[in-house]
Amino acid sequence: MAGKAQYEELIRQFSAFGAVKRELGRILPAECPSGSAAVLTLLGRHGDMRMSRLAELLAVDMSVTSRHVAHLADRGWIERSPDPADKRSRILRLTPAGQAQLDELSERTTQLLAHRLSDWTDEEVGQLTRLMTRLRASFDDCRSAAARSGAPPVPEQSTRTPAITT
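Quick notes on the rules
Residues numbered from 1 in each chain as written. Predicted model: local features only at pLDDT ≥ 70, side-chain atom pairs only at ≥ 80, totals over all residues. Heavy atoms only, no water. Pairing = 2+ DSSP bridges. Helix = DSSP H or I, 4+ residues; strand = E, 2+ residues; numbered from the N terminus. Contact = heavy atoms within 4.5 Å. Axes fitted to C-alpha atoms, helices over the stretch in contact; angles between N-to-C directions. Parallel < 35°, antiparallel > 145°, perpendicular 65-115°, else oblique. Nonpolar A, V, L, I, M, F, W, Y, C, P; charged D, E, K, R; others polar. Salt bridge = Lys/Arg side-chain N within 4 Å of Asp/Glu carboxyl O. Buried < 20%, exposed > 50% of the residue type's maximum accessible area, 1.4 Å probe, protein only. Patch = residues over 30% accessible without salt bridge, like charges linked within 9 Å, V, L, I, M, F, W, Y side chains within 5 Å. Areas by Shrake-Rupley, 256 points an atom, 1.4 Å probe, with all protein chains shown as cover.

## Some details on the pairing of strand β3 (residues 86–94)
Here is step 1: Pairing between strand β1 (residues 49–50) and β3: 2 bridges, direction antiparallel. Residue pairing for β3: Met49 is matched across the bridge by Leu92.
Here is step 2: Taken together, the 6 bridges between strand β2 (residues 78–83) and β3 define a ladder with antiparallel strand orientation. Its bridge partner being in β3, Ile78 is matched across the sheet by Leu94.
Here is step 3: Once β2 ends, the chain turns through 2 residues before running back antiparallel as β3.

## Observations concerning the sheet that holds β2
Here is step 1: The strand order across the open sheet formed by 3 strands is β1-β3-β2, and the pairing between neighbours is antiparallel. The open sheet terminates on both sides in strands that have one partner only, identified here as β1 and β2.
Here is step 2: Of the strands in this sheet, β2 and β3 touch helix α4 (residues 62–74), which is tilted by about 115° from β2.

## Considerations on the packing of helix α2 (residues 34–46) against α4
Here is step 1: Between α2 and α4, the shortest axis-to-axis distance is 9 Å and the interhelical angle comes to 80°. With respect to α4, the element α2 is oriented roughly perpendicular. Judged by residue contacts, Gly35, Ser36, Val39 and Leu40 of α2 engage His68, His71 and Leu72 from α4.
Here is step 2: By residue class, the composition of the contact of α2 with α4 is 3 nonpolar, 4 polar and no charged.

## Some words on the pattern of salt bridges
Here is step 1: Going through the model one piece at a time under the given rule, you end up with 10 salt bridges.
Here is step 2: Residue Arg93 is joined to Asp48 by a salt bridge in which the shortest nitrogen-to-oxygen separation is 2.8 Å. With Arg93 in strand β3 and Asp48 in the loop between α2 and β1, the pair connects residues that are 45 residues apart, well separated along the chain.
Here is step 3: The partner of Glu56 in a salt bridge is Arg53, and the shortest N-O contact between them spans 2.6 Å. A residue pair is termed a helical-turn pair when its members lie 3 or 4 positions apart in one helix, as Glu56 and Arg53 do in helix α3 (residues 51–58) at 3 residues.
Here is step 4: With relative accessibility at 54%, the residue Glu56 sits in the exposed group.
Here is step 5: One salt-bridge network, held together by shared partners, links Asp48, Glu79 and Arg93.

## What to know about the packing of α2 against helix α5 (residues 96–116)
Each pair of packed helices can be described by the angle between their axes along with the distance between the axes.
Here is step 1: Following both chains from N to C, one finds α2 and α5 inclined at 105°, their axes separated by 10 Å at the closest point. In terms of axis orientation, α2 runs roughly perpendicular to α5. Residues Ala37, Leu40, Thr41 and Gly44 of α2 touch α5, and the partners they reach there are Gly98, Gln101, Leu102 and Leu105.
Here is step 2: Of the residues in the contact of α2 with α5, the class split is 4 nonpolar, 4 polar and no charged.

## Here we look at unusual backbone geometry
Here is step 1: Backbone geometry at Ala59 places phi at a positive 60°, although glycine is not the residue there.
Here is step 2: Along the polypeptide, Ala59 turns up in the loop between α3 and α4.

## A few points about a nonpolar patch on the surface
Here is step 1: There is a patch of nonpolar side chains on the surface, built from Met1, Tyr7, Leu10, Phe14, Leu135 and Phe139 and spanning about 680 Å² of accessible area.
Here is step 2: If you list the elements that add at least two residues to the nonpolar patch, you get α1 (4–26) and α6 (122–149).
Here is step 3: Looking at which element gives the most residues to the nonpolar patch, the answer is α1, with 3 residues.
Here is step 4: On the secondary structure map, Phe14 appears in helix α1.
Here is step 5: Given a relative accessible area of 41%, Phe14 falls into the partly exposed group.

What follows is the structure, given as structure tokens:
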């Protein structure tokens, strides 16, 4: 197990990672803030879903999810249709315009990462991806275990950014 000094350094690196997230946020179009980009990314990755599932994947309150969804629907990037299984619920789906916006976001993000990591080897990029995936899974495992045991989950303190979500 890692020692206290290693965990303290890891905390410092997490704090410094905020600069990376901010730069990724700066490349987003003004009409598509990070929360909206995260919704597009999740719908692109997971397909059509109910708003409750989206809120769960975003790990935010339903009211926050609702605001993101309204923003995207107003721009024609997603559509909300009645759920055949429960008419009170809505199914969220990307529109062709939403897919085009998601493609643009992906292109911008990919170009920025390719530029910033141009001196990294393919193996280093792969290693970072594997370690970040493992780290995220460790936190998901903790939330799942807390839910199964009835213990309160540790509250999240930060928001997620586009193309990096889940």
